[in-house]
Amino acid sequence: MLKATLRSFLAHKGRLALSALAIVLSVAFVAGSLIFSDTVTRTFDRLFASTAADVTVSPKEDLTSPLPSGVTATLPASLAGRIARVDGVAAAHVDVAVRNITVVDHRNEPVGPTTGAPTIAKNWYVTDRSPVKLTSGHAPHGPGEALLDADTARHKQVRIGDTLRVLAQPGSFTVRVVGIATFTTTNPGAALVFLDTPTAQTRLLGRPGTATAISVDAAPGLTDARLKERIAAALPSSGGYDLKTAGEQAKSSTDQLGAFLDVIKYVMLGFAGIAVLVGVFLIVNTFSMLIAQRTRELGLLRALGADRRQVRRSVLTEALLLGLVSATLGLAAGIGLAAGLIRLMSAFGMNLRSTEMVIGWGTPVAAYVVGVGVTFVAAYLPARRAAAVSPMAALADAEVAGVGRPLTIRAVAGAIIGALGVAALAGCVRADQTAPAASLLGVGVVLTLVATVIAGPLLVRPVIRVLGGAFPALFGTVGRMSQRNALRNPRRTGATASALMVGIALVAGMSVASTSMSKSFDQQIDKTLGADFVVQNANFQPFSKEITDRVRATGGAGLVVRQRFTPVALRLPDGRHVETTAGGYDPPLDAVAHINYVQGDTTTALADGALAMDVTFAKDHGVHVGSTLPVRFPDGRSAGLRVGALTDQGTSDGFGTEGGLFLGMATLQRYVPDAQDSALYVNAAPGTPKDRLRSRLEQTLDPYPQVQVRDQADYKKLVHDQIAVLLYLVYALLGLAIIIAVLGVVNTLALSVVERTREIGLLRAIGLARRQLRRMIRLESVVIAVFGAVLGLALGLVWGLCIHRVLALQGMKALAIPWSTIVAVVVGSAVVGVVAALLPALRASRMNVLAAIAHE
């Protein structure tokens, strides 16, 4: 049996090739994502471990916010002298490092990276752990000199002697490049600018005698943990300092990097998941058809004495061999994919080395578990059917492809699972809270997808009779035969179409969701933004006061309202402690924003010592107008603020953060005096056309390339572009699903041609022309592809409507159906059908008629 199995596998290796390709793709994405993330993690672990000080002392930041305030946490630089006197301290260095800066050259072009990596300005000093070393020029001395890292200098063509302008929070200043520093470790992609310590303190932090951290070197023989204990004992208990050993600092940096790596990993695993899911249909179909074509062969084996277990084991062994070969090829492809990603990161400035690629033991294990496991599971049902072949099948022209077998079990299982899925989706629609609605949505999507796959063959005959109803009239006998060929085996047609259905359902559901989100944001912008223009950083970072002063001094600028943010902590009446973000605004807020007040107004909301809150958040926590809430600001400042107004901005959190809190600028400045402006809302002065004001603002802000002027249309485009990133990912997943689905259709048609060799020979013998035969197979392929598209669109639209319901609970209530996308999907499916049929149709038309008739 083993010999027969191996010969059978080698005899059908060509027919299994397309199934193998689907598994290769899925394994490649799994292996590639694991290798890439392991390589980056190992590289940065070494970087962080080699550059972290033995102990780092930094200010304790107990409040964090996704919306930056522009305040850089600092501690006294004099602390370094106190720490240096601690027993066991070899050296203590003052660190000044600021990330939210922009550096431009003499052409006003940004010198920093444009790929999302930061531009960091630091003070210059040299230790054994420095990530860079001075390779040309000299160290910076005085307020007009700076060093630049070699990678940035090379990419931006900056040389020693060139002048750069640094746009920092306290203001902008000019420096001359006096030296180049080269990375001694992996360059994480950032641009580094070095100043001397006094210049960094005054120009970057705005305050002499301050630092962002103190780096401490331990004396030989003293452990980092013991040194940390000694420094902690020497520091004032009320100082609020955070102490980390080298290991703790490296772990903290690695955890921050993990968020970036997780995005790439999950995207690639998403592609792997789609490849696996669609590949399952392909494998099931392939093995089912191969077993159907080998009915007589399997019957002969049974007649010669093979029992059911041996036949089943033979088919599963073939699947195991297919999985092993596919997983091996997929692992090799995954290594190539990881190498490509590493080169791509290098192009973006993150200098990783392919020679340092990490292939952990878990990667090949995962590759073979996916490759072998998926193939083995997918082939199990066809193997069971193979074991059911009777020895008498060797004496008859029989097949076990499922033709004519009742679909009762499928109908019952599909109905039960479908009912549960519909119930879950109905619960999602009726839910009034986001978390349970999202959970029910996930359950409903999975169950309805499974139910559609199971019950798909039941829908083949009614749907394809409608879709192919015009074929006899348009194409005559050829059209009728193509329709009947698609109806001949509902299980096979359903499985083939399911591969395409999965991808189209995904893209249809996400298209409805993204289009609805875009429309909702458009309505929200129209409803809330009343200013002519908004001046804002491209990356939403705060900017310096000099930009605000310049905007106010621009000719034609009328009212200018500032916006700032700060993290806060609230103690609510129900006992809950909430950390969130509060916005601060100048009093003329009504002139630049339309706020829907349930109670109170802008005057009471922005009054001294008051704040405004979202009405839903207030109700959930027992807050009323007039309630006084304990509010804690950064640096330990606290106040009791009175709730002056309740708002309803159409979203659950008002201004995009929990609670929808905002207060007057005077109140915010009292408790967070160093906060920077995050945005300026600008109205044109009477008699000044908006177009003229925009051109003047852009001219005013030309020296500040990081700052942009936006109107309502710009904001809408910004939102659309952000949503489009998600949609492009979905389209990429659809593209992968379609590629594998095309492989499935090609495989099905190719095996079907082999299965119908005799029939095709007879048709050719009675007068069917080659061109008619090719048309018949193409029409069969088109109707199967369109059938999959129709199922996918129906399922995806239902999912999209349910996703919209979840979004509506977050205030995004507008519903939009992307009809153009739907039409494009249907047309594209027909094209997919035509493309998939090209090779099988060509092969069928080239058959020798007499040889086909004599085929067994």
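In the block above lies the structure referred to throughout.
Keep in mind it's a predicted model, so treat the numbers as computed, not measured.

Participant: Teacher, can you tell me more about the overall build of the protein here?
Facilitator: A count of helical and extended segments in the protein gives 24 helices and 24 strands. Put simply, the protein has 856 residues, and 52% of those count as buried. Summarising the internal contacts of the protein: among those between residues at least 6 apart in sequence, 82% fall at separations of at least 24. With 81 positive and 58 negative side-chain charges, the protein shows a spacing of 14 Å between the two charge centroids.

Participant: Would you take a moment to explain helix H10 (residues 362–387) for this structure?
Facilitator: Note that an α-helix has 3.6 residues per turn; residues three or four places apart therefore point the same way. Along its 26 residues, H10 runs 35 Å from first to last C-alpha, staying within 8% of the 38 Å computed at 1.5 Å per residue. Helix geometry: H10 is bent most strongly at Tyr 380, by close to 40°, with proline Pro 382 lying one to four residues after it.

Participant: Quick question: what am I supposed to make of the sheet that holds strand E1 (residues 55–59) here?
Facilitator: What links the strands of a sheet is backbone hydrogen bonding, and the strands pair in either a parallel or an antiparallel sense. Judged by pairing direction, the sheet is antiparallel, and its four strands sit side by side in the order E3-E13-E1-E14 without closing on themselves. The sheet terminates laterally at strand E3 (89–95) and strand E14 (241–245), the two strands that pair on one side only. Averaged over all pairs of adjacent strands, the angle between strand axes in this sheet comes to 20°, irrespective of strand direction. When E1 meets E14, the two strands line up antiparallel, connected through five bridges. Bridging from a neighbouring strand, Thr 56 pairs with Lys 244 of E14. Strands in contact with helix H6 (residues 224–234) are E1, E3, strand E13 (213–218) and E14; relative to E14, the strand with the most contacts, it is inclined by about 165°.

Participant: In this structure, what is going on with the nonpolar core? I would like to understand it.
Facilitator: Here is a general trend for soluble globular proteins: nonpolar side chains tend to be buried in one another's company. Counting residues in each nonpolar core, the largest one holds 139 residues, and the members touching the most others are Phe 36, Phe 287, Leu 589, Phe 662, Tyr 681 and Ile 777. With 17 residues, helix H22 (residues 770–808) is the largest single contributor of residues to this core. Ignoring anything within four residues of it in the chain, the contact list for Tyr 681 reads Leu 529, Ala 531, Phe 533, Val 534, Leu 559, Val 560, Val 561, Gln 563, Tyr 585 and Val 592. Grouped together as the second largest cluster of nonpolar side chains are 43 residues, Leu 148, Val 193, Val 216 and Tyr 241 included.

Participant: Whenever I open this one, the pairing of strand E21 (residues 638–647) confuses me. Can you help?
Facilitator: Each regular strand carries side chains that alternate between the two faces of the sheet. Counting buried residues along E21, seven of its ten residues qualify, which places the element largely inside the surrounding structure. In the sheet, strand E18 (residues 597–599) pairs with E21 via two bridges, with the strands oriented antiparallel. Paired with Gln 599 across the bridge in E21 is Leu 646. Across five bridges, the pairing between strand E19 (residues 610–614) and E21 is parallel. When the sheet's bridge partners are listed, Leu 611 is paired in E21 with Val 643. Relative to E21, strand E20 (residues 628–632) is paired through five bridges, and the arrangement is antiparallel.

Participant: Help me understand helix H23 (residues 819–845) in this model?
Facilitator: With 27 residues, H23 extends 38 Å from end C-alpha to end C-alpha; this agrees with the ideal 39 Å at 1.5 Å per step. Buried within H23 we find Thr 821, Ile 822, Val 825, Ser 829, Val 832, Gly 833, Ala 836, Ala 837, Pro 840, Ala 841, Ala 844 and Ser 845.

Participant: Sorry if this is basic, but what is going on with empty space enclosed by the protein here?
Facilitator: Summary: where empty space remains is shown by rolling a probe the size of a single water molecule over the atoms. Taken as a whole, this structure holds three cavities of 30 Å³ or more when the rule is applied. Lining the largest cavity are 13 residues, with Asn 485, Arg 492, Thr 493, Thr 748 and Glu 780 positioned closest to its centre. If you list the elements that add at least two residues to the lining of the largest cavity, you get helix H13 (471–488), helix H14 (490–528), helix H20 (712–755) and H22. Counted by class, the lining of the largest cavity contains three nonpolar, six polar and four charged residues. Approximately 50 Å³ is the volume attributed to the second largest cavity.

Participant: Teacher, can you tell me more about the pairing of E19 here?
Facilitator: Along E19, five of the five residues are buried, which leaves the element largely enclosed by surrounding structure. Because side chains alternate across E19, one face comprises the buried residues Ala 610, Ala 612 and Asp 614, and the other comprises Leu 611 and Met 613, equally buried. Two strands pair when backbone bridges link them, and E19 and strand E22 (residues 661–664) are joined in this way by two bridges, in the antiparallel orientation. Across the sheet, the residue bridging to Ala 612 is Phe 662, located in E22.

Participant: Help me out: how do you make sense of a nonpolar patch on the surface in this one?
Facilitator: On the surface, Val 823, Val 827, Val 831, Val 834, Val 835 and Leu 838 cluster together into a nonpolar patch covering about 490 Å² of accessible area. Here Val 823 shows up in helix H23.

Participant: Teacher, can you tell me more about the packing of aromatic side chains here?
Facilitator: A ring pair, where both rings are aromatic, is described by two values, the distance of the centres and the angle of the planes. Tallied over the entire structure, the rule returns four aromatic pairs. Ring centres of Phe 471 and Phe 475 lie 5.9 Å apart, and the angle between their planes is 80°; on these two criteria the pair is classed as edge-to-face. Here the residue Phe 471 and the residue Phe 475 both occupy positions in helix H13, the gap between them amounting to four residues, near one helical turn. Judged by relative accessible area, Phe 475 falls into the partly exposed class, the value being 31%. Residues Tyr 585 and Phe 662 carry aromatic rings whose centres are separated by 6.0 Å and whose planes lie at 85° to one another, so their mutual orientation is edge-to-face.

How each quantity is defined
- Residues numbered from 1 in each chain as written.
- Predicted model: local features only at pLDDT ≥ 70, side-chain atom pairs only at ≥ 80, totals over all residues.
- Heavy atoms only, no water.
- Helix = DSSP H or I, 4+ residues; strand = E, 2+ residues; numbered from the N terminus.
- Buried < 20%, exposed > 50% of the residue type's maximum accessible area, 1.4 Å probe, protein only.
- Contact = heavy atoms within 4.5 Å.
- Lys, Arg positive; Asp, Glu negative; His and termini not counted.
- Charge placed at Lys NZ, Arg CZ, Asp CG, Glu CD.
- Expected span 1.5 Å × (residues − 1).
- Bend = angle between axes of the 7 residues up to and from the residue.
- Pairing = 2+ DSSP bridges.
- Axes fitted to C-alpha atoms, helices over the stretch in contact; angles between N-to-C directions.
- Core = buried A, V, L, I, M, F, W, Y, C linked by side-chain atoms within 4.5 Å.
- 1 Å grid on protein atoms, 1.4 Å probe; cavity = no way out; pocket = protein on both sides within 12 Å on 5 of 7 lines; lining within 4 Å.
- Points joined across faces, edges and corners; volume = space filled by probe spheres on them.
- Nonpolar A, V, L, I, M, F, W, Y, C, P; charged D, E, K, R; others polar.
- Patch = residues over 30% accessible without salt bridge, like charges linked within 9 Å, V, L, I, M, F, W, Y side chains within 5 Å.
- Areas by Shrake-Rupley, 256 points an atom, 1.4 Å probe, with all protein chains shown as cover.
- Salt bridge = Lys/Arg side-chain N within 4 Å of Asp/Glu carboxyl O.
- Phe/Tyr/Trp six-rings, centres within 6.5 Å; stacked < 30°, edge-to-face > 60°.

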